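Understanding the architecture of this molecule
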Amino acid sequence: MLNIPVHLLGLGLALALSSTAASLCGEGPGFYGGQGPVFEEQPVDTIYPEESPEAKITMSCRARANPPATYKWRLDSSDIDLAEDSHYILVGGNLVISNPIKIKHIGKYSCMASNQYGSIISREALVQFGTLDFFSSEEREAVYVKEGQGAVLLCAPPTTLPRSVLPPTTLPRSVLPPPHYPAELSFRWMLNEFPIFIPLDKRRFVSQSTGNLYISKVESSDSGNYSCFVSSPSIAKSVFSKFIPLVPLAERSTRKYPADIKVKFPDTYALVGQNITLECFALGNPIPLIHWSRLEGDLPLDAKMSMAGAHLHLYNVQYEDEGTYECQAVNSKGKDWHRARVSVEAFPEWVESINSTEQEIRGDYTMSCLASGKPKPHVRWLKNGDAYDKHELKFSGLMFDDSGMYQCIAENRHGVIYANAEMRVITCAPTFEHSPVRGTLAAKNGRVLMECRPKAAPKPDFSWSKGTELLSNNTRIFLWEDGSLEILNVTRSDEGRYTCFAENDQGKANSTGSLTITDATKITLAPSNADVKVGESTSMQCAASHDTLLDITFIWSLDGLVIDMDRESEHYEHNPNGSSSGELLIKNSQLKHAGRYTCTAQTPVDNVTASADLVVRGPPGSPGGVRVSDIKDKSVRVTWSRGTDNHSPISKYTIQCRDSLFQDWRVATTSPADVEGNSEEATVVDLFPWTEYEFRVIATNTLGIGDPSLHSPKITTKDAVPVVAPSDIGGGGKNSRELIITWTPVQPQYYYGSNFGYLIAFKPFNEKVWRKVTVAEPEAKEYVHRDSFIPPSTEIEVKVKAFNSKGEGPYSLTAVIYSAQDAPSETPVRVEGRALSATDAIVWWLPISQQGVEGYQVKYWRKEDSETAEKVQVTSRENQTRLEDLKPDSHYLIEVRAFNAAGFGLPSQRCQIHTKKAPPSRPPKILGKKLGKKGTSVNIAWEHVEPLANESTIDGYKVLYRQAGLSTGTLYTTIKRYIDLPMYKDGDYVVEVRAHTEGGDGAVAQVRIAGGGAMAAQGLSLASLLLVALICLGL
């Protein structure tokens, strides 16, 4: 009878009962070929447009498995019964929803894939129905805005909230706005008609958050009808609102308005790696400039601005981009600012994940996963699709029932990630089939480790032998628990064949490998320390002896980092000077190349190293910690900390500055003028008061100029009284009630303080008391003084100075201007005129002798129609003018008056003219054209024009003979009714005939003459030819 230990009986019983859950090492069916499910395709979030022509939704699911997986689906954690709902069809692993119904099929779907090794569940995918309703059909009210003011046109798009998050209400759900999904929309605005979309610029902005249109300063050209155009990219649908009329109201003088931010970005959450856009836009006149900053420091390097600064784009957001962002809008009337917080959080990400594994029966194993994210993710487990409520899985005494598919799930409010792994609990006798003991090389006097890694479950016991000698632990030989054999200080006598024996309760096995001892590698030429300047080249020597049977390789590293010779070939080159040398050439040395260089001589068996230091001398490094203190109106104190001198003493420092008006860095004036190299502070002088500055410091030594420091925080110098006066004082009077004073405004850098404006002083030359007025607009260029008692042509002294909240500056030089003259007191005399034709006349007069006359106005009208008078103006150098476009056969009254800047004088005595009767309205009738006997002339004849009763008598005829296509030619006049014209051989000619009267020229008749007379007499009747002959005979 066999004596079988009780614990082995239990193990045999477990093996018999768990044949489907466990695999005998190398014996169980499907052990090497079988596999639990691994997802290759999982469902994704889907938006199904409610108006989609395709009446189905397909949710994908496919897993690699052996044997093939079977599939089940869940909706909101409940199993889907395909037999109960005909809308669902399973195609492979994919779930197809035919004719989807919103209230029935919306929700979170997941797929379960299973085979005999276990089950796994896919990530959840949300199915939503996408829709975008139309705008309200109510008419939009017109918006009236004064020119120069800002305007906001409200888009009021359809609501984009799903019903599940609509606010509580007592209204019936049927009268609530229908739900719209998704919430992401894009906005544009149409002007007057589709598809004319308004261009966006620094004056106009469309918020992609609200859809509203903002116009910082309304102009007359903005008049029109506006419509908000909304698109949903996810469902490829667009709708637009009713048109909103915008009516700009003209102002006699456009007012200025301070910057007023209307588009304010909210507190924002961004995910690591995400791109976000912050919006900021202001109304104002002049159009405000937008500036962005971050209170905690500089803007991120990847930050970009667009839309004239209204958009700040943050790309690939990282944790360090978190902070309070500020948008500042500035114009000459004032500034406005807005701040909001950008908080950075993160989607879950695996720090430590799980992998499929095989574990021995009765062994211990810990399955753990760790995820990062913000907020910190919650971790949960699934086994074969069922919840396994543990944070970390620790197995003690593994059993076959522990085999299966495990899933670790990490989740925070931003998303969920899954990690899948299969664990199999196995038992088998030791086998070296896949991991035999391998032959090993070891260097003399070195250390060798021979591994013994059979496959076995449970873990076997190990022993080693050399040849027939069984090995045991001593001062040089160590047998480790994992089966490895370690020998220290090996010698040639240690060469031989070594065998590893492994045995457990399932069986035993062994494997043999040989150990060969080689000569040790030694450094024979070590590198030496070197000292170079930036741009110079040097070399590091290195040579070694080694076993001739082995290949040797030289590897160089700088401060512990291996040098990539291919990637850094511009500066490094390996110069093999024989097989046992590894000289390193260092070319065009830079500061970054300084450090400790290590040469490693390496063979397949061992390696040795030797090191040396390279010193690179160059321009100084950038100073640090630049700070500004002791801030005054024209000076500040700048302090910094010394940077590295790069092995050459710093000789001096240069301080640079830039201000809000001029963004380029420039050298600042310091006291003392030269800042010595041992200094760490200096006073910057000659600054502009009330100006925002940044400073940076640059160090210099004998080897060059270093890189600039990071710039200091922005500071603003204190305000001061203005010292610059306006220039180009001038002006004068336009009329008797106004005096205009003009000047060139002071540049903004000379404002020196807030509440900047101008003080204007003026007085008549013979008076002592100055009149003073203030203009509070910094960009003002003129002041208009209205006073009906200002004497005409008076000499006025004028001076202007600037002021701010700190005080008044100096006056400008005094300028002399003159008030307006009185209107002319004299009237023109001997005004006479005569008609030139039915529509033209000429008028003349004697000029007046009064000084300062700028010109004359001639007013004329038909005697019977005084309400429709016309006016013509001429300069004072002229005393006549032509009147045109008069009515024929009409009486006209004419008067003349002089004018200057102050206005018009009294009219002259009226003169009267009578225009001629109108010329004939009917053209002459061409009777024919006849070629001369020699073909050198052509005769043109026409009927006499009989004028109507209201037309002028015929005085004769004008004949224009011109080449076809030209407007000019030869003009003939005749009292006859025919004319002989020369005949040209080349080209066609046109003859124009018209009657001439004292009232002007009548209507024209034309006849075309072909070159060479080819068309002479064509188309003439016999009667016409006879009439032409009688005319030519004078009968």
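Chains are numbered independently. Their residues run from 1 in the order of the written sequence. Totals for whole chains, interfaces and linings use every residue, but because this is a predicted model, local features are given only for residues with pLDDT of at least 70 and side-chain atom pairs only at 80 or more, for both listing and counting. Think of the side-chain values as coming from all heavy atoms in the structure, minus any hydrogens and water.

1. Things to note about the nonpolar core
Buried Ala, Val, Leu, Ile, Met, Phe, Trp, Tyr and Cys residues that are joined via side-chain atoms within 4.5 Å together make up what is termed a nonpolar core. Exposure is judged per residue with a 1.4 Å probe applied to protein chains only, and the accessible area is read against the type maximum: over 50% gives exposed, under 20% gives buried, and values in between give partly exposed. Judged by nonpolar contacts, the single largest core of 23 residues is most densely connected at Met59, Trp73 and Tyr109. Elements with a contribution of two residues or more to this core: strand 4 (56-59), strand 5 (62-66), strand 6 (70-75), strand 9 (94-98), strand 10 (107-115) and strand 12 (125-130). Residues are treated as being in contact if the distance between any of their heavy atoms lies within 4.5 Å. Once you skip the residues sitting within four places of it in the chain, tyrosine 109 turns out to touch Met59, Trp73, Arg74, Leu75, Ile80, Tyr88, Leu95, Ile97, Arg123, Glu124, Ala125 and Val127. We count a stretch as a helix when DSSP gives it H or I for four or more residues in a row; a strand needs E for two or more, and each element gets its number in order from the N terminus.

2. A closer look at the pattern of salt bridges
The salt bridge definition used is simple: a Lys or Arg side-chain nitrogen within 4 Å of an Asp or Glu carboxyl oxygen. If you walk through the whole model with that rule in mind, you get 47 salt bridges. The shortest N-O distance in the salt bridge between arginine 882 and glutamate 884 comes to 3.9 Å. Take arginine 882: its relative accessible area is 44%, and that puts it in the partly exposed class. For glutamate 884, a relative accessible area of 44% puts it in the partly exposed group. Through salt bridges with shared partners, a single network forms among Glu40, Glu41, Arg62 and Arg64.

3. A look at the sheet that holds strand 4
Read across the sheet, 3 strands follow the order 4-9-8 without closing on themselves; strand pairing throughout is antiparallel. Each edge of the sheet is formed by a strand with only one pairing partner; in this case those strands are strand 4 and strand 8 (88-91). Taken over all neighbouring pairs, the strand axes of this sheet differ in orientation by 20 degrees on average, direction set aside. Strands qualify as paired when DSSP identifies two bridges or more between them. As judged from the 4 bridges shared by strand 4 and strand 9, these two strands associate in the antiparallel manner. Convention adopted: a line fitted to C-alpha atoms gives each axis, helices being fitted over their contacting stretch, and angles between N-to-C directions are expressed from 0 to 180 degrees.

4. Describing the packing of aromatic side chains
Between rings of Phe, Tyr and Trp, where Trp is taken as its six-membered ring, a pair exists when centres lie within 6.5 Å; planes separated by under 30 degrees are stacked, by over 60 edge-to-face, and by other angles tilted. With the rule as written, the count across this model stands at 24 aromatic pairs. Measuring from centroid to centroid gives 5.3 Å for phenylalanine 688 and tyrosine 750, while their planes differ by 85 degrees, and the two rings are edge-to-face. Of this pair, phenylalanine 688 sits in the loop between strand 62 (681-685) and strand 63 (692-701) while tyrosine 750 sits in the loop between strand 67 (738-744) and strand 68 (757-764), and the two are 62 residues apart along the sequence. Residue classification places tyrosine 750 among the partly exposed residues on the basis of a relative accessible area of 26%. Members of the aromatic cluster, each reached through a chain of ring pairs, are Phe194, Phe197, Phe229 and Phe240. Whether a charge lies above a ring is judged from NZ of Lys or CZ of Arg, which has to be within 6 Å of the ring centre and within 35 degrees of the ring normal. Above the ring of tyrosine 117, the side-chain terminus of arginine 424 is found at 4.2 Å from the ring centroid. Directly above the ring of tryptophan 861 sits lysine 859, whose terminal nitrogen or CZ lies 5.6 Å from the centroid.

5. Details of the sheet that holds strand 44 (residues 496-504)
Taken in spatial order, the 5 strands make up an open sheet running 37-45-44-40-41, and their pairing is mixed. Unpaired on one side and paired on the other, strand 37 (440-443) and strand 41 (469-470) mark the two borders of the sheet. With 4 bridges connecting them, strand 37 and strand 45 (residues 507-518) associate as parallel partners. Considered in strand 45, the bridge of alanine 443 is made with threonine 518.

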